[in-house]
Amino acid sequence: MDIFRRKNKIVVPVIKGNGENVKVRCNGCGRLIEYEELKKNFKVCPYCGYHFRMSAAENIALLSDKGTFEEIGEPIHSVDVLNFTDTVPYKERLKKIKEVAKVPNAILIGKSKIQSMETALGVFSFEFLSGTLGAATGERLTEIIEFAQKNKLPLVVVFSSAGERIQESIFSLLQVAKVISAIEQYKNSGGLFVSILANPVLGGVASIAMAGNIIIAEKNSYIGLSGPRISEQVMKKALSKEAQKAENLLKAGMIDAICERHKLKECVGFILKSYNRWAI
Amino acid sequence: MKLLPFEKPIEILLKERKRWIEYGKDTKDLDELIKKQVKEIYNNLTAYQIVQVARHIERPQPEDYINALFDSFMELHGDRVSGEEPALGTGIGFFKGAPVMLIFNRKGHTTIENLKYHSGMSGPAGFRKAARVVRLASETLKIPIVTLIDTPGALISHKSELKGQVAAIYQSMSAFINANVPILSVITGEGGSLGALGIGISDRLLMMEYAYFAVISPEAASAVLFKNTNNKEFIADELGITAERLTALNIVDGIIEEPIGGAHRFKEEAIKNMEKTLEKELDFLKKEPVSDLKKKRFERFRNIGVYSI
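What you are looking at is a predicted structure, and each value in this text was computed from that prediction instead of being measured.

About the cut-offs
Residues numbered from 1 in each chain as written. Chains lettered and ligands numbered in written order. Predicted model: local features only at pLDDT ≥ 70, side-chain atom pairs only at ≥ 80, totals over all residues. Helix = DSSP H or I, 4+ residues; strand = E, 2+ residues; numbered from the N terminus. Rg over C-alpha atoms; globule rule 2.2 N^0.38 Å. Buried ≥ 20, exposed ≤ 12 C-beta atoms within 10 Å, placed from the backbone. Contact = placed C-beta atoms within 7 Å. Arc of directions from axis to C-beta. Core = buried A, V, L, I, M, F, W, Y, C linked by C-beta atoms within 7 Å. Axes fitted to C-alpha atoms, helices over the stretch in contact; angles between N-to-C directions. Parallel < 35°, antiparallel > 145°, perpendicular 65-115°, else oblique. Left-handed = near helix turned anticlockwise from the far one by under 90°. Nonpolar A, V, L, I, M, F, W, Y, C, P; charged D, E, K, R; others polar. Pairing = 2+ DSSP bridges. Right-handed = clockwise from strand over helix to strand, strands pointing away. Domains from an automatic or database assignment. Expected span 1.5 Å × (residues − 1).

Once that is clear, we can look at the overall build of chain B. Counting secondary structure elements, chain B contains 14 helices and nine strands. Taking 19 Å as the expected radius of gyration for a compact globule of 309 residues, we find that chain B reaches 20 Å, a close match to that expectation. Along the three orthogonal principal directions, the C-alpha set of chain B runs to about 65 × 50 × 45 Å. Buried positions account for 49% of the 309 residues belonging to chain B. Taking as baseline every contact in chain B between residues at least 6 positions apart, the subset at least 24 positions apart corresponds to 70%.

A tally of regular secondary structure across chain A gives nine helices and eleven strands. The globule rule puts the C-alpha radius of gyration for 280 residues at 19 Å, and the 19 Å found for chain A is close to it. Out of the 280 residues belonging to chain A, those deemed buried represent 45%.

Next up on the list: helix α11 (residues 232-239) of chain B. Here α11(B) has its buried residues at Lys232(B), Ile235(B), Ala236(B), Glu238(B) and Leu239(B). Each buried residue of α11(B) lies within a common arc of 165° when the element is viewed along its axis, so the set occupies one face. Contacts made by the buried residues of α11(B) are with α5 (169-188) of chain A together with α3 (47-54), β7 (212-214) and α10 (218-226) of chain B. At the exit of α11(B) stands Gly240(B), carrying a positive phi of roughly 65°.

Here we come to the nonpolar core. If you look at the biggest cluster of nonpolar residues, it comprises 155 residues, and the most contacted ones within it are Leu155(A), Phe159(A), Ile180(A), Leu197(A), Ala209(A) and Phe213(B). Among the elements that take part in this core, α5(A) stands out by supplying eleven residues, more than any other. The residues touching Phe213(B), leaving out its near neighbours within four places in the chain, are Ile170(A), Ile187(B), Gly191(B), Ala196(B), Met207(B), Ile241(B) and Leu246(B). By size, the runner-up hydrophobic cluster in this structure holds five residues, among which are Cys26(A), Ile33(A), Val44(A) and Cys45(A).

What follows deals with unusual backbone geometry. Residues and elements named next belong to chain A. A cis amide bond links Asn199 with the next residue in sequence, Pro200, at an omega value of -20°. With respect to the helices and strands, Pro200 occurs in strand β8 (residues 193-202). Positive phi values are uncommon outside glycine, yet Ser169 reaches one of about 40°. Note on placement: Ser169 falls in helix α5.

Let's shift gears to the packing of α5(A) against helix α8 (residues 165-178) of chain B. Running from amino to carboxyl end, α5(A) crosses α8(B) at an angle of 65°, the nearest separation of the two axes being 10 Å. Relative to α8(B), the element α5(A) is oriented roughly perpendicular. In terms of crossing hand, the pair formed by α5(A) and α8(B) is right-handed. Between α5(A) and α8(B), the contacting residues are Ala177(A), Ile180(A), Ser181(A) and Glu184(A) on the first element and Tyr170(B), Met173(B), Ser174(B), Ile177(B) and Asn178(B) on the second. Taken together, the residues of the contact of α5(A) with α8(B) sort by class into five nonpolar, three polar and one charged.

With that settled, the discussion passes to the pairing of β8(A). Residue and element names in this part refer to chain A. Of all the ten residues making up β8, nine are buried; the element is thus mostly covered by neighbouring parts of the structure. Here six bridges tie strand β7 (residues 155-161) to β8, and the two strands are oriented parallel to one another. Its bridge partner lying in β8, Ser161 is registered against Val201. The handedness of the β7 to β8 crossover, carried by α5, is right-handed. Note: β8 against strand β9 (residues 214-218), four bridges, orientation parallel. Each bridged residue has a counterpart across the sheet, and for Ile196 the counterpart in β9 is Ile216. Pairing of β8 with strand β10 (residues 223-224), which is carried by two bridges, proceeds in the parallel orientation.

What follows concerns the packing of helix α1 (residues 8-22) of chain B against helix α2 (residues 28-43) of chain B. Residue and element names in this part refer to chain B. At their nearest, the axes of α1 and α2 sit 10 Å apart, and the two run at 170° to each other. In terms of their interaxial angle, α1 and α2 are classed as roughly antiparallel. Together, Pro9, Ile10, Leu13, Leu14, Glu16, Arg17 and Trp20 of α1 and Leu30, Leu33, Ile34, Gln37, Val38 and Ile41 of α2 make up the contact between the two elements. Across the contact of α1 with α2, the residue classes tally to ten nonpolar, one polar and two charged.

What follows covers the domain arrangement of chain B. How big an interface is tends to be stated in terms of the accessible area lost upon association of its parts. Residue and element names in this part refer to chain B. Here chain B is described as being made up of domain 1 (5-43) and domain 2 (47-302). Taken together, the contact pairs four residues of domain 1 with four residues of domain 2. Residues belonging to the side of domain 1 that touches domain 2 are distributed by class as follows: three nonpolar, no polar and one charged.

A word on the domain arrangement of chain A. Residue and element names in this part refer to chain A. Its domain assignment divides chain A into domain 1 (1-52) and domain 2 (54-279). Taken together, the six residues of domain 1 in the interface contact eight residues of domain 2. Counted by class, the side of domain 1 that touches domain 2 contains three nonpolar, two polar and one charged residues.

What follows is about the environment of Phe301(B). Relative to the elements of secondary structure, Phe301(B) occurs in helix α14 (residues 290-302). As a C-alpha pair, Phe301(B) and Gly191(B) span 110 residues in sequence and 18 Å in three-dimensional space. Apart from residues lying up to four places away in sequence, Phe301(B) is in contact with Ala177(A), Lys178(A) and Ser181(A).

Residue and element names in this part refer to chain B. The pairing of strand β1 (residues 70-76) with strand β2 (residues 88-95) spans six bridges and is classified as antiparallel. From the neighbouring strand, Glu75 faces β2, where its bridge partner is Gly91. By the bridge criterion, eight bridges tie β2 to strand β3 (residues 98-105) in an arrangement that is antiparallel. Residue pairing across strands places Phe95 opposite Ala98, the latter belonging to β3. Where β2 folds back onto β3 in an antiparallel hairpin, the turn is made up of two residues, including Lys96, whose phi is positive at roughly 55°.

Residues and elements named next belong to chain B. Between its first and last C-alpha, helix α6 (residues 124-141) extends 24 Å over 18 residues, near the 26 Å set by a 1.5 Å rise per residue. Pro124, Ala125, Gly126, Phe127, Arg128, Lys129, Ala130, Ala131, Val133, Val134, Ala137 and Ser138 are the residues of α6 that are buried. Where α6 is buried, its residues meet β1, β2, β3, β4 (145-151), α7 (158-162) and α8. Backbone geometry just downstream of α6 places Lys142 in the positive-phi region, at approximately 55°.

This is how it looks when you write it as structure tokens:
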């Protein structure tokens, strides 16, 4: 009877009116929500509490005190090392995405204040090639970890990534080792690493996120080893989405807490307050 | 022996050879021809054909190496938390009289064994066990670590996700990075993504000639990028997964040569090559002071990746 059931998972935003009264259909409950209203509500559906995906800039605005975020270092760009081509050449893909996403790579890093406490902050931007971990992204992530270690700051990273970037092949895979190596040095020096998991966190990036001293997941996010298409290909059967749901991972004891978006800043602030920064 | 799809010409010659023997003919010339044919095929392998060789069911398994090269070996079981993973083995072995900690993937030589070991895909218990024995080798025994990698990837299943697969992989990598002893990794067959990297962080990374090391299997890459698996040969080439290309990219430190025709055809020779390499590399690693080794290890990973300003 599946053909008659209403599909409430319509991803395309339904636009009505001339840009003013844009309405969006909720992925959770299927209701129409006014975009302005949704934005005011931290992109959370007012009816069912479904968390829409946030851009990197929105996540920074959500977490840090107004106007305190300062990007560090020089922005670096991904390059096509392997001369990779799939359906389109990787070079073209990069060019296109840079125009659309308006960020040089899949992470924004900087110094910021969270509830007036100095913090090193890194935020993945899912809008750039699904937040995948290319060499440039890995380098920037490593830079913020080193920055935190050098300046004795706590580190907060918001993860939202589909995993490794296939187009950069082995370099992408080894970024996982590179970042974890940096995190280990940071943690050994007494640093606090808070990782926040926003929908979705997959593959090697999930492994990096699990390095967090404290791991907080957003509501209805998915965390796991691989996306549906890879698991179907490798294991010859589809993996049920239940296995990677944050709510189920909390029950299984894999994450510290699930936090709603309204309370996320408060929650991170609470952890930072408990951290005795003079000790390191 | 199971012949691979691209070995058709050899198959025809082997059939002919059987006929010759039946008629009592001298097969010397034909043997020569077969050898030539094998050489021709194996000198011009494409990336995907190398993947097929790496997956060959008769390729030497860790057990074969251990039985041939180690004076004695004792397997260590269990992660002390959730259970025992047979697909990832660990244990102490004596190589040329000196103890080493061995960590290896197991696939088995038959289909039944393959099923039992999930084709070498380890669940979270395996990675936790690896982390445990690395700490044991590093903190207590102070012996070098050797890992033999041959896995299509880490296990993906409902159970493994909820038992913390990604966290376990992190824990294993963390233990390897922090280890205060030399680590030598050899990819003997498949080096699949996080499953391989989970036990592949090392001071020296070596690959056998017909092994591969990739972020994703060619089939899965094709499924993700093209939404079908018809482009696996093409994508295998694009990914740059062979020992030759990875050495050129400075990812892999050395290649262990295989006899022409592959390790599955000439096991003894392949094992002998492995012995020579292990001896040389371990001697080299043991000479270096641990503090230097660790510093170099951090630097090695720090400098990986190409990007532009």
